[in-house]
Amino acid sequence: MATAFPSLPVQASERGDRAILLGVAGLGLGTALLLLWLLGDALAAGVFLLVFLAAGGLILLLGRHRSGLADAATMGDIGLLNAAIGDSSEAVAITDRSGRLICANRTFGEWFPGLPAPPGLAIGDHGDDRLAEAGRSAWRDGWAEVEGLATGRGRLSATALRAGTAQDHLVWRLRRMRGGQLVDETRRLVEGEGGQRLGAAGMMAAIADGGGRLVAANRVFLQRALGNEEAGIHALADLFDDSGGDVIRFRHEGDEATPLRVVQVPLDDGVGESPTLFLLLDDAGALRPAADAASDHVEALLAMLPLGLALAERDGRILFMNDAFRRAAGLPQGQPVLYPSDLVVKEDKAAVADAVRRFAAGQRMSGDIAVRLRYRADEAVALTIAGARGLGEAAVLLSLKDNSEESRLKNQVAQATKMQAVGQLAGGVAHDFNNILTAIIGHCDLMLLRHRPGESDYDDIQQIRQNSNRAAGLTRQLLAFSRQQTLRPQVLQLPDVISEISNLIKRLLGERVRLVVKHGRNLGQVRADPGQLEQVIVNLAVNARDAMPDGGTLTVQTYGVTAAEVRRLNSDILPVADYTALSVSDTGTGIPAELLGKIFEPFFTTKEVGKGTGLGLSTVYGIVKQSGGFIFADSKPGVGTSFVIYLPVHRADPMLDAPPPPKKPRQGELWGTGTILLVEDEDMVRAVAERALTRQGYKVLTAANGEEALEVLQGMAADGGETIDLLVSDVVMPTMDGPTLVRHAREMFPRLPILFMSGYAEEQLRRSIDLDRVAFLAKPFSVQQLAEAARDALGAEGTAAS
């Protein structure tokens, strides 16, 4: 709360009134005596004296009345400010025009005992002169500021603000600068749980201000130094007895007490005196040379700490480093280090050596320098260097944080984010590319209808068509990586899938590579697309073959993994559940550690140009993730590589897992009749589809977007004449997409058959389209596939209607 001083202005006013009254009386008496001497008329002189005294008293009463009003206004302002400034962390004081202290808060009283009025705060280094100049500027300009005042509380900044009803007061605010925040944080640490932990480890901690007064201490220090935890403020020097020369003891404990070793840590880097943190340890070996005792105690303490810490002498030679420091620096076992510059790469040696030399020469505070370590040069780390005092030969303290785990997690997050972005890009590229391939394949099919085998153009067209199909395979791999391809999951056993393709794998591996297949017992069923799983195994086998140019062994193994075993793995990625695992291991050249995190990226390959697209492992990754599984890779250069796939065990549901009734293949001509409304925003795809359906006997109406198609449907519904037998529409279109168009169409023609075309995956689209009785045709498609899809859609609708 604020401290008000109502007596100060009143006392000053009474003294001033007495002086004025004596002055007026003296002046009147002297004038009356002069008149009596000049005129010789005692009556006139007496009348003049009475009138003069009456006028002076009246003026004095009016002045005291105005002063009383001003004082009342001032006291009203002070009462209002009590609640506003009482608990402020800043030191706040208010002075009037004559420089008298009117009001001050609790913090001001703690910082400046005796409550001196600004600017007379006894601040050294011409601090009071700078405050006085700030006060004159504030009276003139309304506001002034001064910084860098060196006090026992650290460096302060002060502001003076002219305020009050009559603008006749100054409000002074003093606050700690940057170093003061460190003082407050250290004080909270020492007085809180941190101080208790230090005490439990046998370390006493205390903070003294620049004047040497004890301002904070942990419980152990107060008990040892004072014998009472509730003792008041003391001068820190009075608590110690240094009469024994270099040996320091607590005065309270007497001459037989255990000597102390004191370490001082300045808490402010300003000029002049500054607050200091004192760390004290019992020094049973103080009778030995001081340097040896300090080294023993400090090194024992540093060895216990989990932080990476090292000590170096004045010339920079390292005296000690703990195990945490060696781990953080990545030092090999038994690797000697003479100087801190030996820890970093060549480019950073000069900077580290210069920093150590500067801090050893007298820098009291610590500083960070970004360096790249010699044995961990992947990314820069922060090496903290601080000047040390009272630690024997040690003059510099170095700190290094082991951030290898943090870097690994950051790299994993960055990799996951990159993979997700690349997957989205791959899906979009595949969709657009599928439209182009649809037009190329469609035009090839139409041209082949006009040519016969044996003609020169026929072979060229077939070559174009085959290359287009190869490109379509690449887009399917892109969709597999982005987890957007269409899967046909079934409940199956992994050994059955492997046995189906074991002969194919043997032919792919060749004669130099031996295939070993092992199956575990009691394997749980998994739910996945068997065709996609076969592609996963084949891709891994081909990569293993290429990694063993001189021959080797490829081992394919299946085994069960229980939830308890997963829990023991303590993996951050693999959820606790029952899994059926598939392991594919080779004895090849292996994968370097720096490349292991990139192998699942699309188009990343270590093979020569023309011997791989880099989509094999990315396809494996996409299929496994879309199947709900997890894949891990482990490799040692020169030993081999192992891929392990975990697929969750499927719990059978009789209703959901019942096999669908087999579809009977439809035979016959693709010729059809009826009217088809074709909606496609890509001109080239619309042109190919229109020509293909027209050649099959259908009447085709086209629309470039959903709005045009809706106008056609509304016109037919209004005429009541011709109707649409089939609506063939793209799914993703600008302004109005395919599903929105179908919903409007079904309002007019409830039984209208729908055939959706899309370059995206059917499975992805079905989850976003809440429509029944629709068929899908994936792009790219051939002329025959489009005709079959149209025929099947019309036939399915006719069957449902019957």
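Scroll up for the structure.
Below: a short report on this structure. (Residues numbered from 1 in each chain as written. Predicted model: local features only at pLDDT ≥ 70, side-chain atom pairs only at ≥ 80, totals over all residues. Heavy atoms only, no water.)

Attention now goes to helix 18 (residues 683-695). The terminal C-alpha atoms of helix 18, which comprises 13 residues, lie 18 Å apart, in line with the 18 Å expected from a rise of 1.5 Å per residue. Restricting attention to buried positions, one finds in helix 18 the residues V685, R686, V688, A689, A692 and L693. Taken around the axis of helix 18, the buried residues stretch over an arc of 165 degrees, which confines them to a single face. One or two steps after helix 18, the chain reaches G697, where phi turns positive at roughly 100 degrees. (Helix = DSSP H or I, 4+ residues; strand = E, 2+ residues; numbered from the N terminus. Expected span 1.5 Å × (residues − 1). Buried < 20%, exposed > 50% of the residue type's maximum accessible area, 1.4 Å probe, protein only. Arc of directions from axis to C-beta.)

This part is about the sheet that holds strand 27 (residues 726-730). One open sheet accounts for five strands, arranged 26-25-27-28-29; its pairing is parallel. The open sheet is flanked by strand 26 (699-703) and strand 29 (774-778), the only strands paired with a single partner. Neighbouring strand axes in the sheet, compared pairwise and without regard to direction, differ in orientation by 20 degrees on average. Pairing analysis gives four bridges linking strand 25 (residues 675-679) to strand 27, with the strands arranged parallel. In the strand pairing of strand 27, L678 is matched with V728. Packed on one face of the sheet, helix 19 (residues 706-719) meets strand 25 and strand 26 and runs near 155 degrees to strand 25. (Pairing = 2+ DSSP bridges. Axes fitted to C-alpha atoms, helices over the stretch in contact; angles between N-to-C directions. Contact = heavy atoms within 4.5 Å.)

This next bit is on the environment of R224. Positionally, R224 belongs in helix 7 (residues 219-225). Taking the C-alpha atoms as reference points, R224 and M204, separated by 20 residues in sequence, lie 8.8 Å from one another. Residues contacting R224, with those up to four places away along its chain left out, are M204, F250, H252, E253, L260 and D282.

Of all hydrophobic cores here, the largest spans 35 residues; its most connected members are I505, L540, L554, L582, I631 and I645. Among the secondary structure elements, those contributing two or more residues to this core are helix 13 (494-509), strand 19 (513-519), strand 20 (526-528), helix 14 (530-546), strand 21 (552-561), strand 22 (579-586), helix 17 (616-626) and strand 24 (640-648). Those residues in contact with I645, other than ones at most four positions away along the chain, are V536, L540, T580, A581, L582, V624, F630 and I631. Among the nonpolar cores identified, the runner-up in size contains 26 residues, and A310, M321, F325 and V371 belong to it. (Core = buried A, V, L, I, M, F, W, Y, C linked by side-chain atoms within 4.5 Å.)

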